[in-house]
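Here is what each chain is made of, one letter per residue.
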Amino acid sequence: MQQLKPIILASASPRRKDLLQQMGLDFSVKVFPVNEQSLETDPEKKVMAIVKQKMDAAIKHLAKESVEKSCILCADTIVVVNNNVLGKARNKDEAKDMLQKLSGKEHKVMTAFYMHCHNDKVYQEVVITEVEFMSLTETMIDQYLCHDEYKDKAGSYAIQGMAGSYIKEIKGSYSNVIGLPQVHVLKAFEVLNVLKF
């Protein structure tokens, strides 16, 4: 695999950074302020609208030369249960409420990613993974929340951590649940001529 263009990850997520490193890519990380709000009610449209806000902020703040010579990658992940979007919990009470909603049910994890490359080439996609939780007792939830793993996680859980033992079934991309669908991202980089296989 040959990397033809510099990659900029416009995300503060350490998990997305880890996932790109696993892919063997050379990239830099740049973080820009975004309010991450959207009036969209459809979950897929909502998560993509947020990602486009992130891209607009990145293009606005990056030097013109960086925008012209690099491929910028933005992403956002949401959890959807019964068509309700679960974001990041602000405290343990909110996290507990989210985990109770996920208990014993199937939910969808949606990660939208958006790429802007040289010559204004763009690529956008929403990848959906279906995840089913086992039924969680109140004691299990309370014990999980003691470890602070829920912090800064959509839906208040990390599949790559302790919560992975509560997952009954998963359909789709595992890395998508962590925060970036690796196979889809690789294919997008190939389409945009950022990578050559």
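Residues numbered from 1 in each chain as written. Predicted model: local features only at pLDDT ≥ 70, side-chain atom pairs only at ≥ 80, totals over all residues. Heavy atoms only, no water.

**Comments concerning the overall build of the protein**
Then step 1. A tally of helices and strands in the protein yields seven helices and nine strands.
Then step 2. Taking 197 residues into account, the globule formula puts the C-alpha radius of gyration at 16 Å, and the protein, at 17 Å, falls close to it.
Then step 3. When the backbone C-alpha atoms are referred to their principal axes, the protein occupies close to 55 × 35 × 30 Å.
Then step 4. A buried classification covers 47% of the 197 residues belonging to the protein.
Then step 5. In the protein, the share of contacts with a sequence separation of at least 24, taken over all contacts with a separation of at least 6, comes to 67%.
Then step 6. For the protein, the exposed surface amounts to about 10100 Å²; the carbon and sulfur share of it is 46%. (Helix = DSSP H or I, 4+ residues; strand = E, 2+ residues; numbered from the N terminus. Rg over C-alpha atoms; globule rule 2.2 N^0.38 Å. Buried < 20%, exposed > 50% of the residue type's maximum accessible area, 1.4 Å probe, protein only. Contact = heavy atoms within 4.5 Å. Areas by Shrake-Rupley, 256 points an atom, 1.4 Å probe, with all protein chains shown as cover.)

**Side note on the state of the cysteines**
Simply put, disulfide is the name for a covalent bond between the sulfur atoms of two cysteines.
Then step 1. Enumeration over the complete set of coordinates arrives at one disulfide.
Then step 2. Cys 71 provides the cysteine sulfur closest to Cys 74, a residue in no disulfide bond, and the two sulfurs are 9.8 Å apart.
Then step 3. When its relative accessible area of 0% is taken as the criterion, Cys 74 is described as buried. (Disulfide = S-S within 2.5 Å.)

**Quick look at the layout of surface pockets**
Then step 1. By volume, the largest pocket amounts to about 760 Å³.
Then step 2. Secondary-structure elements contributing two or more residues to the lining of the largest pocket are helix 1 (14-22), helix 2 (43-61), strand 4 (71-81) and helix 6 (174-178).
Then step 3. For the lining of the largest pocket, the leading source of residues is strand 4, giving five residues.
Then step 4. Among the residues forming the lining of the largest pocket, the class breakdown is 18 nonpolar, nine polar and ten charged. (1 Å grid on protein atoms, 1.4 Å probe; cavity = no way out; pocket = protein on both sides within 12 Å on 5 of 7 lines; lining within 4 Å. Points joined across faces, edges and corners; volume = space filled by probe spheres on them. Nonpolar A, V, L, I, M, F, W, Y, C, P; charged D, E, K, R; others polar.)

**A closer look at helix 5 (residues 138-145)**
Then step 1. Every buried residue of helix 5 is accounted for by Ile 141, Tyr 144 and Leu 145. Buried residues of helix 5, viewed axially, fall in a sector of 95°; they line one side. (Arc of directions from axis to C-beta.)

**Side note on the packing of helix 4 (residues 92-102) against helix 5**
Then step 1. Helix 5 packs onto helix 4 with a crossing angle of 135° between their chain directions and a minimal axis gap of 10 Å. As summarised for this structure, helix 4 and helix 5 are arranged oblique, according to the angle between their axes. Along this stretch, helix 4 crosses helix 5, giving a crossing that reads as right-handed. Note on element contacts: helix 5 touches helix 4 through Glu 138, Ile 141, Asp 142, Tyr 144 and Leu 145, opposite Lys 92, Ala 95, Lys 96, Leu 99 and Gln 100.
Then step 2. Here the residues of the contact of helix 4 with helix 5 sort into five nonpolar, one polar and four charged. (Axes fitted to C-alpha atoms, helices over the stretch in contact; angles between N-to-C directions. Parallel < 35°, antiparallel > 145°, perpendicular 65-115°, else oblique. Left-handed = near helix turned anticlockwise from the far one by under 90°.)

**Topic: the pairing of strand 7 (residues 121-133)**
Then step 1. Summarising the sheet, strand 6 (residues 106-117) and strand 7 pair through twelve bridges and their orientation is antiparallel. Note that in strand 7 the partner of Ala 112 across the bridge is Val 126.
Then step 2. Between strand 6 and strand 7, which pair antiparallel one after the other, the connecting turn spans three residues, and Asn 119 there sits at a positive phi close to 60°.
Then step 3. Here four bridges tie strand 7 to strand 8 (residues 167-171), and the two strands are oriented antiparallel to one another. (Pairing = 2+ DSSP bridges.)

**What to know about the environment of Gln 100**
Then step 1. Here Gln 100 lies in helix 4.
Then step 2. Note on Gln 100: relative accessible area 40%, which makes it partly exposed.
Then step 3. Separated by 65 residues in sequence, Gln 100 and Asn 35 have C-alpha atoms that sit 27 Å apart.
Then step 4. If we ignore the near neighbours within four places in the chain, the residues touching Gln 100 are Lys 105 and Ile 141.

**Regarding helix 1**
Then step 1. Those residues of helix 1 not exposed but buried are Arg 15, Arg 16, Leu 19 and Leu 20. All buried residues of helix 1 fall inside an arc of 135° around its axis, so they share one side.
Then step 2. In this fold, the buried residues of helix 1 make contact with strand 2 (7-9), strand 3 (27-29), helix 2, strand 4, helix 6 and helix 7 (182-191).
Then step 3. The distance from a side-chain oxygen at the start of helix 1 to the backbone nitrogen of Arg 15 is 3.2 Å, and the residue carrying that oxygen is Ser 13. (Polar contact = N/O pair within 3.5 Å; in protein donor to acceptor, adjacent residues only side chain to side chain.)

**Side note on the pairing of strand 6**
Then step 1. With ten of twelve residues buried, strand 6 is to be regarded as a mostly interior element.
Then step 2. In this sheet, strand 6 lies alongside strand 4 in antiparallel orientation, the contact comprising nine bridges. Across the sheet, the residue bridging to Thr 77 is Thr 111, located in strand 6.

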